[in-house]
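Each chain is listed here by its residues.
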Amino acid sequence: MVVPSPTPTRTKKTKAVGIPTIDLSLNMSTLSDQLVKACEEFGFFKLINHGVSKEIIQKLEEEGAGFFAKATTEKQRAGPASPFGYGCKNIGRNGDMGELEYLLLHTSPLSISERSTAISNDPTKFCCAVNNYVGAVKDIACEILDLVAEGLRIQDKCVFSRLISDVQSDSLLRINHYPGVNGIDDWDPSPKLHQCKSNRIGFGEHSDPQILTILRSNDVGGLQIALQDGLWIPVPPDPNEFFVFVGDALQALTNGRLVSVRHRALSNSSMKPRMSMMYFGAPPLNAWISPLSELVSPQKPNLYKPFTWEEYKKAAYSLRLGDTRLDLFKIC
Ligand code: GA4
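Criteria and thresholds
- Residues numbered from 1 in each chain as written.
- Predicted model: local features only at pLDDT ≥ 70, side-chain atom pairs only at ≥ 80, totals over all residues.
- Heavy atoms only, no water.
- Near = heavy atom within 4 Å.
- Polar contact = N/O pair within 3.5 Å; in protein donor to acceptor, adjacent residues only side chain to side chain.
- Areas by Shrake-Rupley, 256 points an atom, 1.4 Å probe, with all protein chains shown as cover.
- Helix = DSSP H or I, 4+ residues; strand = E, 2+ residues; numbered from the N terminus.
- Nonpolar A, V, L, I, M, F, W, Y, C, P; charged D, E, K, R; others polar.
- Buried < 20%, exposed > 50% of the residue type's maximum accessible area, 1.4 Å probe, protein only.
- Pairing = 2+ DSSP bridges.
- Axes fitted to C-alpha atoms, helices over the stretch in contact; angles between N-to-C directions.
- Contact = heavy atoms within 4.5 Å.
- Parallel < 35°, antiparallel > 145°, perpendicular 65-115°, else oblique.

> Honestly, the site of the ligand in this entry has me stumped. Any pointers?
With respect to spatial proximity, 14 residues lie near the ligand, and among them Arg174, Pro209, Gln210, Phe280 and Tyr317 are the closest. In this structure, Arg174 approaches the ligand through a side-chain N or O atom, which is 2.8 Å from an oxygen atom. Contacts to the ligand include Gln210, whose side-chain N or O atom sits 2.7 Å from an oxygen atom. Contact with the protein chains covers 96% of the free accessible surface of the ligand, which is 460 Å². Elements with a minimum of two residues in the shell around the ligand: β5 (172-178) and α9 (309-318). Taken together, the residues that form the shell around the ligand break down as 8 nonpolar, 3 polar and 3 charged.

Here it is in structure tokens:
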């Protein structure tokens, strides 16, 4: 496993960078422009004053913590993670590994209900916590996407949000649990004298394939994003706020104007485990993704061939985590 340098190295001189912050409570006409700017320059921003109740967040956090505190054999009853359920260390289907365990769920209420009995001793409580959380973050994602469409001067303001609010949407929820410094030995009891317990890869470098990701974590750090010049910057955790990532599908829909952000998580920098929950807003499997006509011009020719979300997912699962899968659909 490659151990990244803890201090980022600069490939070329860049200004000191601050992660953009978007205040959703500000009813300003410039909010949509600020959002577009953040998505163009970083493909990432911190979202404050989002209006999601603390109770909704806390209930899901409790369910996640309760599940990961169970004995390994019990957790394995909820696995494997392919297609949905509990996973430990294995990521995807092509040998990618990370120092984490996780729950991967489809957000359709039926799918959540089917999985809940293997995950929780109180499946109704678990379903409630997940459905309420997913409903709340989906609304936030739709609000952001409508503002982004406005900022891009697209006529149909719901062109992006419609894809993720569709009842057939293929959106996912993932809860990642990265062990604290002492937790690694529970998984790997073999005595390794010089085992390096800090800055191991929790979840390797990648971009998210979907339209938009909304992340919330506890107060333990580890998340890093890559700037467009390749510099990695740590994202200080903030349990009260969300972090938003542009995904590959939004990059394609906007003809490359908005960029999907490469990110990774390092584990074990803290005694306390990190727990993050991500909502991945995705289109229905049969939805077509192609650059919007308003964003294509002789100066900005079409960059991507049209593809369905199902085709894109297949491509993603046939490649490795860190591959730039959007390149497969580039018009040369
Ligand atoms: C990254 C974003 C989401 O976590 C995820 C991941 C998925 C998985 O863990 O099964 C993938 C990864 C993610 C991108 C490329 C493929 C698919 C692992 C992998 C190697 C659930 C998703 O949708 O894509």
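> Quick question: what am I supposed to make of unusual backbone geometry here?
Glycine aside, residues mostly have negative phi, and peptide bonds are mostly found in the trans state. A cis amide bond links Gly79 with the next residue in sequence, Pro80, at an omega value of -5 degrees. In this chain, Ser82 is followed by Pro83 through a cis amide linkage whose omega measures 10 degrees. The phi torsion at Lys89 lies on the positive side, around 70 degrees, for a residue other than glycine. Looking at where Lys89 falls in the secondary structure, it is placed in strand β3 (residues 85-91). Within the chain, Arg153 stands out as a residue other than glycine whose phi angle is a positive 60 degrees. Take Arg153: it is sitting in the loop between α5 (123-151) and α6 (161-165). A residue is classified by how much of its surface remains accessible, and Arg153, at 55% relative accessible area, is exposed.

> Where do I start with the sheet that holds strand β2 (residues 44-48) in this structure?
Within a sheet, each strand pairs with its neighbour through backbone hydrogen bonds, oriented either parallel or antiparallel. With respect to topology, 8 strands assemble into an open sheet ordered β1-β2-β10-β7-β12-β5-β4-β3, the strand pairing being mixed. On the outer flanks of this sheet lie β1 (21-23) and β3, each paired with one strand and no other. Ignoring which end each strand starts from, the neighbouring axes of this sheet average 25 degrees apart. With 4 bridges joining them, strand β7 (residues 212-217) and strand β10 (residues 242-246) adopt antiparallel strand pairing. Pairing of Ile214 across the sheet is with Val244, part of β10. Its contacts with the sheet place α5 against β2, β4 (96-106), β5, β7, β10 and β12 (274-281), and it is angled at close to 125 degrees to β7.

> Is there a simple way to explain the packing of helix α1 (residues 31-41) against α5 in this structure?
Relative placement of two packed helices is described by the angle separating their axes and the distance separating the axes. Following both chains from N to C, one finds α1 and α5 inclined at 95 degrees, their axes separated by 8 Å at the closest point. Our classification of the angle between α1 and α5 gives roughly perpendicular. Residue-level inspection shows Leu31, Ser32, Asp33, Leu35 and Val36 of α1 in contact with α5, the latter providing Ile144, Leu147, Val148, Glu150 and Gly151.

> Where do I start with the environment of Gly64 in this structure?
By the secondary structure assignment, Gly64 is in helix α2 (residues 54-68). The spacing of Gly64 and Leu258 is 194 residues in sequence and 32 Å in space, taken between C-alpha atoms. Ignoring any residue separated from it by four or fewer positions in sequence, one finds Gly64 in contact with Ile175 and Met275.

> I keep staring at the pairing of β5 and nothing clicks. Help me out?
Each regular strand shows side chains that alternate between the opposite faces of the sheet. Counting buried residues along β5, 7 of its 7 residues qualify, which places the element largely inside the surrounding structure. Of the two faces of β5, the one lined by Leu172, Arg174, Asn176 and Tyr178 and the one lined by Leu173, Ile175 and His177 are each fully buried. Here β4 runs beside β5; their pairing, made up of 6 bridges, is antiparallel. Directly across from Leu105, in β5, lies its bridge partner Leu173. Note: β5 against β12, 7 bridges, orientation antiparallel. Looking across to β12, one finds that Asn176 is bridged to Ser276.

> What's the story with the pairing of strand β11 (residues 263-267) in this structure? I'm lost.
Burial within β11 is extensive, with 5 of its 5 residues counted as buried. Side chains His263, Ala265 and Ser267 of β11 all project onto a buried face; the interleaved residues Arg264 and Leu266 project onto the opposite face, where all are buried too. In the sheet, strand β6 (residues 200-206) pairs with β11 via 4 bridges, with the strands oriented antiparallel. In the strand pairing of β11, Ile201 is matched with Leu266. In this sheet, β11 lies alongside strand β8 (residues 223-226) in antiparallel orientation, the contact comprising 3 bridges.

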